[in-house]
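Structure assessment
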Amino acid sequence: MAPDDFSVLILEDQFLLAMDLASKVEQIGCSVIGPYRNVQAAMQALEEIVPKAALLDINLGQGSTSEPVAEKLQTLGVPFAFITGYSSDIPIVQRFGGVPYSSKPIDVSKVQSLLATLMPIDKAS
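This text gives an overview of the structure that appears in the document. (Residues numbered from 1 in each chain as written. Predicted model: local features only at pLDDT ≥ 70, side-chain atom pairs only at ≥ 80, totals over all residues. Heavy atoms only, no water.)

1. Observations regarding the environment of Asn59
The cut-off we apply is this: Each helix is a run of DSSP H or I of at least 4 residues and each strand a run of E of at least 2, with the numbering of both proceeding from the N terminus.
Structurally, Asn59 can be placed in the loop between β3 (53-57) and α3 (67-76). Put simply, Asn59 and Gly85 are 26 residues apart on the chain and 8.7 Å apart in space, counted from C-alpha to C-alpha.

Right, here's the structure in full:
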């Protein structure tokens, strides 16, 4: 389990996937910021709170991507991972080459693995 103050921002435009991902993040003991459905909402949240990590869907519908949020997270020094239904050869994944990514659907063990990669999670707490 992660400490209660291990907050994870979630950006996912599909409601059911967002709720499922939030549930999995909470199952491993993290608190959820969001989930947010679009770049504007996530950017506004980042003006008020800085999470310990973030999980970002890449394609957010209507031609929008999470790239602006990824750039903001980099500026803030917040580690993040992409969760996508696409392969790793899409431009945004290549642009942020050192950032971990996972394909959808994602199970709780993969969420925990991604978050452990981003920030060490104390499994004893």
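Once the structure has been displayed, the description carries forward.
2. Concerning helix α2 (residues 39-48)
To be explicit about the condition: Using a 1.4 Å probe on the protein chains alone, a residue whose accessible area is under 20% of its type maximum counts as buried, one over 50% counts as exposed, and one in between counts as partly exposed. Here the arc refers to the directions that run from the helix axis out to each C-beta atom. Here, residues are in contact when the closest pair of their heavy atoms is within 4.5 Å. Contacts described as polar in this section are N or O atom pairs within 3.5 Å, which, within protein, must combine one atom able to donate a hydrogen with one able to accept it, while residues neighboring in sequence count only if both atoms come from side chains.
Listed in full, the buried residues belonging to α2 are Val39, Ala42, Ala45 and Leu46. In an axial view of α2, the angular spread of the buried residues amounts to 130 degrees, which keeps them on one side of the axis. Facing away from the buried surface of α2 by more than 90 degrees, the exposed residues are Gln40, Gln44, Glu47 and Glu48. Against β1 (7-11), β2 (31-36) and α3 lie the buried residues of α2. A side-chain oxygen of the first residue of α2 lies 3.2 Å from the backbone nitrogen of Gln40; this N-cap is Asn38.

3. Some details on the pattern of salt bridges
Note the cut-off: A pairing counts as a salt bridge when a side-chain nitrogen of Lys or Arg comes within 4 Å of a carboxyl oxygen of Asp or Glu.
Applying the stated rule across the entire model yields four salt bridges. The salt bridge partner of Glu12 is Lys104, with a shortest N-O separation of 2.9 Å. Here Lys104 lies in the loop between β5 (101-103) and α5 (108-118) and Glu12 lies in the loop between β1 and α1 (15-27), a separation of 92 residues in the sequence. Overall, Lys104 belongs to the partly exposed group, its relative accessible area being 24%. Two residues, Lys72 and Glu47, come together in a salt bridge whose shortest N-O distance is 3.5 Å. Highlighted residues: Lys72 in helix α3 and Glu47 in helix α2, separated in sequence by 25 residues. Owing to a relative accessible area of 59%, Glu47 belongs among the exposed residues under this scheme.

4. What about the side chain of Ser102?
Considering the arrangement of structural elements, one finds Ser102 in strand β5. Relative accessible area serves as the criterion here: at 6%, Ser102 is assigned to the buried category.

5. A few points about a nonpolar patch on the surface
The test is simple: Here a patch means residues that are over 30% exposed by relative accessible area and free of salt bridges, tied together within 9 Å if like-charged and within 5 Å if nonpolar (Val, Leu, Ile, Met, Phe, Trp, Tyr). Computed with a 1.4 Å probe, the accessible areas rest on the Shrake-Rupley method; for each residue, only the protein chains presented here act as cover.
Among the surface-exposed residues, Phe15, Leu16 and Met19 lie close enough to one another that they form a single nonpolar patch of about 350 Å² accessible area. Relative to the elements of secondary structure, Phe15 occurs in helix α1. A relative accessible area of 54% places Phe15 in the exposed class.

6. Focus: the environment of Pro68
Position of Pro68 relative to the elements: it lies in helix α3. In sequence terms Pro68 and Val39 are 29 residues apart; their C-alpha atoms lie 7.1 Å from each other. The contact partners of Pro68, leaving out residues within four places of it in the chain, are Val39 and Met43.

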